[in-house]
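Coordinate analysis (summary)
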Amino acid sequence: MTQATVERTETGGEPPVLAVRDLVKRYGHDTAVDRVSFTIYPGETFGLLGPNGAGKTTTLALIAGLLRPDGGDVIVCGHSLRTARRLAQRHLGVVPQDIALYPELTAVQNMNYFATLRGLFGAERRRQVEEALELVGLTEHAGQRVERFSGGMKRRLNIAVGLLGRPRLLLLDEPTVGIDPQSRRHILDAVRSLAAAGTTVLYTSHYMEEVEYLCRRVAIMDHGRIIAQGPLDEVRALAGEAVVLRVPWRPALGDGDMDASQLRNVLQLPVETVDSELRIVLPTGAGQAPEVLNALVRLGISVDGLRIEAPNLETVFLALTGRALRD
Ligand SMILES: Nc1ncnc2c1ncn2[C@@H]1O[C@H](COP(=O)(O)OP(=O)(O)OP(=O)(O)O)[C@@H](O)[C@H]1O
Ligand SMILES: [Mg+2]
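Overview of the structure. (Residues numbered from 1 in each chain as written. Chains lettered and ligands numbered in written order. Predicted model: local features only at pLDDT ≥ 70, side-chain atom pairs only at ≥ 80, totals over all residues. Heavy atoms only, no water.)

**Some points on the coordination of the magnesium ion (ligand 2)**
- Surrounding the magnesium ion (ligand 2) are the protein donor atoms Thr57 (OG1) and Gln97 (OE1), which sit 1.9 to 2.2 Å from the metal. A residue pair is termed long-range when its members are at least 10 positions apart, and Thr57 in helix α1 (residues 56-63) and Gln97 in the loop between β6 (92-95) and α3 (107-117) qualify at 40 residues. (Donors = N, O, S within 2.8 Å, 3.2 Å for Na, K, Ca; no water. Helix = DSSP H or I, 4+ residues; strand = E, 2+ residues; numbered from the N terminus.)

Next up, the structure:
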């Protein structure tokens, strides 16, 4: 596999909020996190992108101090997890991938409960609970029991819980998986507002569009390792010749009856379907487009409105690993 790390170019002179140094976590013979290092500076939204099983959640659990590493260290706001775990954890807000809420309580009762655990009381608790619910767009549902919430509303409340105590560093683990577009919008907006207000965010996802939208610096993880990291533009440039062919995709209107994995097999190229669109990676560039378009037409797929897009993080991942990010 190509080792392609773009050197960090900016420091801003400020001490980092998070420094991850040669972090290692093993499960038996498997190394879930393999010498992972990256640094996040104040106010940044840093993207950690990787497919299922890459090691993102394990990395976050190590940073949160929920798992002990087999090697390396994590420094949060100058405090080492090895020597000053409690001090380091005080600066962290953690939003886990799995929802951790009490379904029989209302949103505000859940918030109050977790706020108390965070040492918040009285007017300060009320202020922070209201502020966090507002940020994720749940003010109107504050009195509703969580068991009646949609999946997206639960995720938003999960994020609001992570904001209690106003942590300097917020760890978000795939906050938009499997939710409705409205909740997704709320979450992306909330992350942007937090960043604008100075919160540093580690945003984990396997949706490259979200990472490209939110983050200026990113790391791409695969099989426990960081395979590329740096400013977005520099990481994108690692894709080399590859481009993405985007074709409108309306199976309901007669665009064939194949799904993405069948198309992948037929075309022998990485294919994904996103928002009524087929995205096909052309590893050697736009010159491959005519051949692929002919194949699509033969399969009964109308190709009007096609676009060819410059390399994005998906293409980078393909170029470095030979696999599609979403497989
Ligand atoms: N408690 C555990 N015991 C054994 N293996 C584990 C454990 N937790 C994680 N793993 C393994 O470690 C690897 C990394 O898993 P992890 O959950 O960190 O990946 P991820 O990038 O968060 O994936 P996903 O996108 O599916 O959430 C996987 O191969 C997983 O099977
Ligand atoms: Mg995970």
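The structure having been displayed, the exposition proceeds.
**A closer look at the environment of Leu62**
- Structurally, Leu62 can be placed in helix α1.
- For Leu62, the residues in contact, after removing those within four places along its chain, are Leu23, Lys25, Val33, Leu67, Arg68, Pro69, Val74 and Leu81. (Contact = heavy atoms within 4.5 Å.)

**Observations concerning the sheet that holds strand β14 (residues 307-309)**
- On the basis of which strands lie adjacent, the open sheet formed by 4 strands has the order β12-β13-β11-β14 and antiparallel pairing. For this open sheet the edge positions go to β12 (271-273) and β14, each flanked by a neighbour on one side alone. Going from strand to strand, the sheet's axes swing by 25° on average, the running direction of each strand aside.
- For strand β11 (residues 243-248) and strand β13 (residues 277-282), the ladder comprises 6 bridges, and the chain directions are antiparallel. Of the residues in β13, the one forming a bridge with Leu245 is Ile280.
- Against the sheet, helix α9 (residues 260-267) contacts β12 and β13, and its axis sits at roughly 160° relative to β12.
- Across the face of the sheet, helix α11 (residues 313-321) comes into contact with β11, β12 and β13 while running at roughly 40° to β13. (Pairing = 2+ DSSP bridges. Axes fitted to C-alpha atoms, helices over the stretch in contact; angles between N-to-C directions.)

**Description of the sheet that holds strand β4 (residues 71-76)**
- The 4 strands lie next to each other as β2-β1-β4-β5, forming an open sheet whose pairing is antiparallel. Among the strands making up the open sheet, the edge pair consists of β2 (30-40) and β5 (79-80).
- Two elements, strand β1 (residues 18-27) and β2, share 8 bridges in a ladder whose sense is antiparallel. Residue pairing for β2: Leu18 is matched across the bridge by Ile40.
- Strands β1, β2 and β4 of the sheet are contacted by α1, whose axis makes an angle of about 60° with β2.

**Observations regarding the site of ligand 1**
- Around ligand 1, the structure places Tyr27, Ala32, Pro51, Asn52, Gly53, Ala54, Gly55, Lys56, Thr57, Thr58, Gln97 and Glu174.
- Side-chain polar atom of Gln97 to an oxygen atom of ligand 1: 3.0 Å apart, as the coordinates give it.
- Taking Glu174, its side chain carries an N or O atom lying 2.8 Å from an oxygen atom of ligand 1.
- Coverage of ligand 1 by the protein chains reaches 57% of its 630 Å² of free accessible surface.
- Counting residues per element, the shell around ligand 1 draws most heavily on α1, at 3 residues.
- Here the shell around ligand 1 is built from residues that sort into 4 nonpolar, 6 polar and 2 charged. (Near = heavy atom within 4 Å. Polar contact = N/O pair within 3.5 Å; in protein donor to acceptor, adjacent residues only side chain to side chain. Areas by Shrake-Rupley, 256 points an atom, 1.4 Å probe, with all protein chains shown as cover. Nonpolar A, V, L, I, M, F, W, Y, C, P; charged D, E, K, R; others polar.)

**Thoughts on the pattern of salt bridges**
- Overall, the coordinates contain 17 salt bridges when judged by the stated rule.
- For Glu131, the salt bridge goes to Arg166, with nearest N and O atoms at 3.0 Å. With a gap of 35 residues between them, Glu131 in helix α4 (residues 122-135) and Arg166 in the loop between α5 (151-163) and β7 (169-173) connect regions that are remote in the sequence.
- Its relative accessible area of 42% is what places Arg166 among the partly exposed residues.
- Within the structure, one salt-bridge network assembled from shared partners comprises Glu209, Arg246, Glu277, Arg279, Arg307 and Glu309. (Salt bridge = Lys/Arg side-chain N within 4 Å of Asp/Glu carboxyl O. Buried < 20%, exposed > 50% of the residue type's maximum accessible area, 1.4 Å probe, protein only.)

**Focus on the packing of aromatic side chains**
- All told, the structure shown has 4 aromatic pairs when counted by the stated rule.
- Geometrically, the ring pair formed by Tyr102 and Tyr113 is edge-to-face, given 5.3 Å between the ring centres and 85° between the ring planes. One end of the pair, Tyr102, is in the loop between β6 and α3; the other, Tyr113, is in helix α3, and 11 residues separate them in sequence.
- Judged by its relative accessible area of 34%, Tyr102 falls in the partly exposed class.
- In this structure, Arg184 is placed above the aromatic ring of Tyr207, and the distance from its NZ or CZ to the ring centre is 6.0 Å.
- Lying across the ring of Tyr213, Arg192 places its NZ or CZ 3.9 Å from the centre. (Phe/Tyr/Trp six-rings, centres within 6.5 Å; stacked < 30°, edge-to-face > 60°. Lys NZ or Arg CZ within 6 Å of the ring centre and 35° of its normal.)

**Brief notes about unusual backbone geometry**
- Here Arg35, not a glycine, exhibits a phi torsion of approximately 50°, which is positive.
- With respect to the element layout, Arg35 can be found in strand β2.
- Note on Arg35: relative accessible area 53%, which makes it exposed.
- Despite not being glycine, Arg166 shows a phi value in the positive range, around 45°.

**Some thoughts on the packing of α5 against helix α6 (residues 181-196)**
- Running from N to C, α5 and α6 point in directions that differ by 20°, and their axes come no closer than 9 Å. Judged on the interaxial angle alone, α6 and α5 are roughly parallel. When you trace α5 past α6, the crossing you get is left-handed. Contact residues: α5 offers Gly152, Met153, Arg155, Arg156, Ile159 and Leu163, while α6 offers Ser183, His186, Ile187 and Leu194.
- Among the residues making up the contact of α5 with α6, the classes are represented as 5 nonpolar, 3 polar and 2 charged. (Parallel < 35°, antiparallel > 145°, perpendicular 65-115°, else oblique. Left-handed = near helix turned anticlockwise from the far one by under 90°.)

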